[in-house]
Number of protein chains: 2
Amino acid sequence: MPTPLRAGIVTIGSELTSGTRFDTNSPWLAKRLAPLGIEAWVHRSVPDDLEAIARAFDETVAQAQVVISTGGLGPTSDDLTRDALARLLGVDLVFDAPSWEAIEARFAAFGRTPSESNRRQAEFPRGARVLATDVGTAAGFVVERRGVPIYAVPGVPREMRWMWERYLEPDLRALGGAARAVRAFRCVGIAESALGERLREVEATAGVEVRYAVEEAAGTIEVRLLTPPDVDAEALAARAHALVGAHHVCATGEDSLAEGVGRLLLGRGLTVATAESCTGGRIAAALTAIPGISGAFLEGLVTYSNEAKTRLLGVPAEVIADRGAVSAEVARAMAQGARERAGADWAVATTGVAGPGGGSAEKPVGLVHLAVAGRDGAIHHVERRYPGDRDQVQARASAGALDLLRRAVLGVVGERDPDWAGTRRA
Amino acid sequence: MPTPLRAGIVTIGSELTSGTRFDTNSPWLAKRLAPLGIEAWVHRSVPDDLEAIARAFDETVAQAQVVISTGGLGPTSDDLTRDALARLLGVDLVFDAPSWEAIEARFAAFGRTPSESNRRQAEFPRGARVLATDVGTAAGFVVERRGVPIYAVPGVPREMRWMWERYLEPDLRALGGAARAVRAFRCVGIAESALGERLREVEATAGVEVRYAVEEAAGTIEVRLLTPPDVDAEALAARAHALVGAHHVCATGEDSLAEGVGRLLLGRGLTVATAESCTGGRIAAALTAIPGISGAFLEGLVTYSNEAKTRLLGVPAEVIADRGAVSAEVARAMAQGARERAGADWAVATTGVAGPGGGSAEKPVGLVHLAVAGRDGAIHHVERRYPGDRDQVQARASAGALDLLRRAVLGVVGERDPDWAGTRRA
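Residues numbered from 1 in each chain as written. Chains lettered and ligands numbered in written order. Predicted model: local features only at pLDDT ≥ 70, side-chain atom pairs only at ≥ 80, totals over all residues. Heavy atoms only, no water.

## Considerations on the packing of helix α12 (residues 306-313) of chain B against helix α14 (residues 328-342) of chain B
Packed helix pairs are characterised by how far apart their axes lie and by the angle those axes make with each other.
All names here are of chain B.
Next up, step 1: Between α12 and α14, the shortest axis-to-axis distance is 9 Å and the interhelical angle comes to 40 degrees. Between α12 and α14, the angle is such that the two are oblique. Residues Lys309, Thr310, Arg311, Leu312 and Leu313 of α12 form the contact with α14, whose own contacting residues are Val330, Ala333, Met334, Gly337, Ala338 and Arg341.
Next up, step 2: A breakdown of the residues in the contact of α12 with α14 according to their chemical character gives six nonpolar, two polar and three charged. (Axes fitted to C-alpha atoms, helices over the stretch in contact; angles between N-to-C directions. Helix = DSSP H or I, 4+ residues; strand = E, 2+ residues; numbered from the N terminus. Parallel < 35°, antiparallel > 145°, perpendicular 65-115°, else oblique. Contact = heavy atoms within 4.5 Å. Nonpolar A, V, L, I, M, F, W, Y, C, P; charged D, E, K, R; others polar.)

Right, here's the structure in full:
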């Protein structure tokens, strides 16, 4: 298969390596390179250190057909990208008059004059192509090392993105990478190990690459099929879905489990209400993160106190007294009450022990009752014991509830696999 | 002060290099290395490729006194960290019976049996020290290359963090870097530039390092004070709080804004209810993520439909008709209705246009009304226009509402600084 062109990304700044700021530029660039048939192959983050920066460029040039760096183009003494590349190339820095005039003009627009230190921003390695900027004082530039173009652009996301649209995207499109088709889908209720075994045939298809990403918090696993031009991506994806088991495929494309459920409801013109205790609003928040979900989501009730379960959902106080708030009976009554009061087609409910406190021998931390009520009067209930800390239990219970709703709507709520509910990975 | 030891971090996984997942492990580790007197010097992210992984380790060993890698320890064919390090060291992989037994036991606990592919998770480079795990099926391990210890731990954040506490933190503390005390706190409603100016005196203290991390989504700025042994960290932190303005300090330690608000309510024995429209349950979810919050959080209502706003919160239908669902009047009525019906001391409400659709010239995307009602009958309201996409608007509105609640409880809701509400960076 034609391997895509490989890009190396170098992000520069001690605020990145020290962990005080997330490197959002690398993922942003990587996602935009893929459709151009260019794969973001390696990332390096280095501090504001001349030696470390030069070394990162040298190493990356050996691994990629194009290198993109962000950061280190400011006016201060710790902005060293220009110096590092000049040193790596064995050239000096030369003053670029047009860049300096642009800086002066920008300051003048704010009624100010640039300081001497800004002159550094008008100096570039000899032979560099300057990438003029309209959105700041930091111009970018392009140099070449062993036939590999190196793009140096500002680290401020807004300025970096402007540079991408103005210069990098057109340039890199012209590089003409061998684009691969990508077919992504998300799975739920199946362990990564089982997923890998079921997709062995797909993995064995010539030129096809299968990537897995376990999404702990979402309780899902993302599968990405990268296919060369000579493979029918659609057919391969359909085959993969069949091998995994269609009822495990909860969303396609970039959709999350919640988005998959949201599209399912919107597509069928169905409405939903949520009644949450131990998940505390996570299910409602996941659904309402979807644009246009108001067409399906009516209301969500976070009934944390017993009194609220009775007043807002009509859960009989005696049932709570007899069975306890964490019980199948209460979960079922919550779902039924939420559906009827909202006049929704479906309602989903959760009640459980998220921990760390509140557990008992009979009802340990991680015990969660999930229930889904439908217009036909049927109420589906499952009891789960989720491992992990409070956050994990809440995340898994939310995913479990959304999946139960999805399966109830699809009418496959009964189906289970031996590997059901596992999505662990390392 | 003595130069700290240098660590290199290698994060492994094509989901990272392709931009489908953020690398949250590198910054998390970098932050925790600092107090041990170890500086995270360089980060590399590499795809699930044997050659690329081995190369990254080889390069990093040459730059650091300790190497930490996360990821690539799963059971599938693209989990290659074990193989890459064995290859780099020129040794074979050997089966570790105790690790396999632990995997079998873990599966058994969930009434399942491991698949053949899980056996890979019990294989380690010959001579490796195995780091057994209690929280998953992926054990970590330590090998040495040219006298540099290389720690390989799982990529799942929860498992990585467990490994850090159990093995890395004690080991690395023993490496004896020049340890520094860390005092962290979070600020809200103040711009990073203003924060820097107010803390100039603290920054000027000999040997003290001040690090800022703007948390865009949370609407907060984290400040970390790193102090040498000869500086009283407590006194310095107190001084910093005073300089910033106590009402801007919303949480201390690792607490988030929501956790700070939760502790404030629990500490004063106050109860709260939430009424959310555009934030869709995010505020309730943020509060209920706090262990023991049932002592303060009574209930949360996600009233997405107008009918729900009237039925569940008693918002007069005519007010919605006259002013529209996104209005100061509706936000105030939502807060008042939620507080009264829940019998809570406080209630917080949000209504706005999260987008991308639903905006108008009069009520554009990003317009949000926040309201807080108290037992004394007072209702505080603010109107905000948040930039960004749907997720950012929902995140910022949630943070804004939590902060309004916090200030109402503290009785400083009126106080404003010239830089108020600015946490965006220049």
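## What to know about helix α3 (residues 50-61) of chain B
Helical geometry note: an α-helix holds 3.6 residues per turn, so side chains three or four residues apart project in the same direction.
Next up, step 1: With twelve residues, α3(B) extends 17 Å from end C-alpha to end C-alpha; this agrees with the ideal 16 Å at 1.5 Å per step.
Next up, step 2: Structurally, the start of α3(B) carries an N-cap: the backbone nitrogen of Glu51(B) is 3.2 Å from a side-chain oxygen of Asp49(B). (Expected span 1.5 Å × (residues − 1). Polar contact = N/O pair within 3.5 Å; in protein donor to acceptor, adjacent residues only side chain to side chain.)

## So, the side chain of Thr60(B)
Residue and element names in this part refer to chain B.
Next up, step 1: If you trace the backbone, Thr60 turns up in helix α3.
Next up, step 2: One polar contact links the side chain of Thr60 to the main-chain carbonyl oxygen of Ala56, over a distance of 2.6 Å.
Next up, step 3: Every residue in contact with Thr60, bar those within four places of it in the chain, is listed here: Gly8, Ile9, Val10, Arg44 and Val67.

## Some thoughts on the state of the cysteines
Next up, step 1: One pass over the full model with this rule turns up zero disulfides over all chains.
Next up, step 2: As a non-bridged cysteine, Cys278(A) has Cys250(A) as the owner of its nearest cysteine sulfur, 20 Å distant.
Next up, step 3: Considering cysteine sulfurs only, Cys187(B) is the nearest to Cys250(B), which forms no disulfide, with 6.9 Å between them. (Disulfide = S-S within 2.5 Å.)

## Quick notes on the sheet that holds strand β6 (residues 129-131) of chain A
Next up, step 1: Ordered in space as β6(A)-β7(A)-β8(A)-β3(A)-β1(A)-β2(A)-β2(B)-β1(B)-β3(B)-β8(B)-β7(B)-β6(B), the twelve strands form an open sheet in which the pairing is mixed. What marks the edges here is a single partner per strand, and that holds for β6 of chain A together with β6 (129-131) of chain B. Each strand axis lies, on average, 20 degrees off the axis of its neighbour in the sheet, ignoring direction.
Next up, step 2: Strand direction decides the pairing type here: β6(A) and strand β7 (residues 140-145) of chain A, joined by three bridges, are antiparallel. Bridge pairing in β7(A) places Val130(A) opposite Phe141(A).
Next up, step 3: Against the sheet, helix α4 (residues 81-89) of chain B makes contact with β1 (5-12), β3 (66-70), β7 (140-145) and β8 (148-153) of chain B, and its axis sits at roughly 20 degrees relative to β7(B), the strand it touches most. (Pairing = 2+ DSSP bridges.)

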